[in-house]
Amino acid sequence: MFAGCESLTTAPKLPAETLANGCYYGMFQDCINLTAAPKLPATTLAEECYSGMFWGCKNLTTAPELPAKTLAESCYYWMFYGCKKLSSVTCKATNLSAGWCLNGWLEDAGTDESVTTKTIYINSAYSDYIAAMNSNLEGTADDDQINTNVPWKKGINGIPAGWTIAAAAAE
């Protein structure tokens, strides 16, 4: 819909709470001057609903809160790929078992030299495990060793290198 619109700086409101497969796929791709994302209130996701939505929005500094508890197949696939100025994302999901749901979602995100800290705020249900997860992210632990009590994995299909985890505000 707005892919490649270099003059777009503010996104329109997207109030839909019911999503269709691929509904926002690549919607703002390469909108290089977009700095803030719209609120995404949907709690029930559809396949590829937000896939590539902000791909290449290299000046995006603010990500929307992602309130859905259960992810759908490929729902956040490459969602923030190349968002070089992004420094935080809030994802409240507790079920990340859908195929490809987080594939490359933060690949090449937060890589601008102006970004000094990068944080993923996850569901507060995991508060007890966050310190252990952060210490394992920097170590040599493989995905299964991060923490058997949470669904998050380290790497570009979960928590990329250089990002830390904190508890999202409780609802």
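Nothing here was measured: the structure is a model prediction, and the numbers come from that model.

## Some remarks on the overall build of the chain
Link 1 in the chain: Counting its regular elements, the chain contains two helices and three strands.
Link 2 in the chain: The N-to-C order of helical and strand elements in the chain reads β-β-α-α-β.
Link 3 in the chain: In terms of overall size, the chain behaves like a compact globule, its C-alpha atoms giving a radius of gyration of 15 Å where 171 residues would be expected to give roughly 16 Å.
Link 4 in the chain: With respect to the principal axes defined by its C-alpha atoms, the chain has extents near 45 × 35 × 25 Å.
Link 5 in the chain: Between the averaged position of the 10 positive side-chain charges in the chain and that of its 17 negative side-chain charges there is a distance of 7 Å.

## As for unusual backbone geometry
Link 1 in the chain: Unlike most non-glycine residues, Trp78 shows phi in positive territory, near 55°.
Link 2 in the chain: You can see Trp78 is positioned in the segment before strand E1 (88–91).
Link 3 in the chain: Phi at Asp108 is positive, roughly 60°, even though this residue is not glycine.
Link 4 in the chain: When you line up the elements, Asp108 lands in the loop between E1 and strand E2 (119–122).

## A word on the sheet that holds strand E3 (residues 164–167)
Two orientations exist for strands paired in a sheet by backbone hydrogen bonds: parallel and antiparallel.
Link 1 in the chain: Spatially, E1-E2-E3 is the arrangement adopted by the three strands of the open sheet, whose pairing is parallel. Edge positions in the sheet fall to E1 and E3, since each of these pairs with one other strand and no more. Neighbour-to-neighbour, the strand axes of this sheet turn through a mean angle of 25°, independent of strand direction.

## Structural notes on the nonpolar core
Link 1 in the chain: Residues Phe28, Leu45, Tyr50, Phe54, Tyr76, Phe80 and Trp105 are the most contacted members of the largest nonpolar core, which totals 52 residues.
Link 2 in the chain: If you list the elements that add at least two residues to this core, you get E1, E2 and helix H1 (130–138).
Link 3 in the chain: Those residues in contact with Tyr76, other than ones at most four positions away along the chain, are Leu45, Tyr50, Leu66, Ala68, Leu71, Cys91, Cys101, Leu102, Asn103 and Trp105.

## Quick notes on the environment of Ile120
Link 1 in the chain: Along the chain, Ile120 turns up in strand E2.
Link 2 in the chain: Residue class for Ile120 comes out buried when judged on its relative accessible area of 0%.

## Focus on the side chain of Thr119
Link 1 in the chain: If you trace the backbone, Thr119 turns up in strand E2.
Link 2 in the chain: The exposure class of Thr119 is buried, given its relative accessible area of 13%.
Link 3 in the chain: Residues within four places of Thr119 in sequence aside, it is in contact with Ser87, Ser88, Val89, Trp163, Thr164, Ile165 and Ala166.

## Side note on the pattern of salt bridges
Once their charged atoms are close, side chains differing in charge can pair, the charge on each being opposite to the other.
Link 1 in the chain: Applying the stated criterion across every chain, the model contains two salt bridges.
Link 2 in the chain: Here Glu65 and Lys92 are joined by a salt bridge, their closest N and O atoms 3.6 Å apart. Taken together, the residues Glu65 in the segment before E1 and Lys92 in the loop between E1 and E2 connect sequence positions 27 residues apart.
Link 3 in the chain: Glu65 sits in the partly exposed class, given a relative accessible area of 41%.
Link 4 in the chain: Residue Asp108 pairs with Lys84 through a salt bridge whose shortest N-O separation is 2.7 Å. Placement of Asp108 in the loop between E1 and E2 and of Lys84 in the segment before E1 is noted, with a sequence separation of 24 residues between them.
Link 5 in the chain: Since its relative accessible area comes to 31%, Asp108 is described here as partly exposed.

Thresholds, definitions, all that
Residues numbered from 1 in each chain as written. Predicted model: local features only at pLDDT ≥ 70, side-chain atom pairs only at ≥ 80, totals over all residues. Heavy atoms only, no water. Helix = DSSP H or I, 4+ residues; strand = E, 2+ residues; numbered from the N terminus. Rg over C-alpha atoms; globule rule 2.2 N^0.38 Å. Lys, Arg positive; Asp, Glu negative; His and termini not counted. Charge placed at Lys NZ, Arg CZ, Asp CG, Glu CD. Pairing = 2+ DSSP bridges. Axes fitted to C-alpha atoms, helices over the stretch in contact; angles between N-to-C directions. Core = buried A, V, L, I, M, F, W, Y, C linked by side-chain atoms within 4.5 Å. Buried < 20%, exposed > 50% of the residue type's maximum accessible area, 1.4 Å probe, protein only. Contact = heavy atoms within 4.5 Å. Salt bridge = Lys/Arg side-chain N within 4 Å of Asp/Glu carboxyl O.

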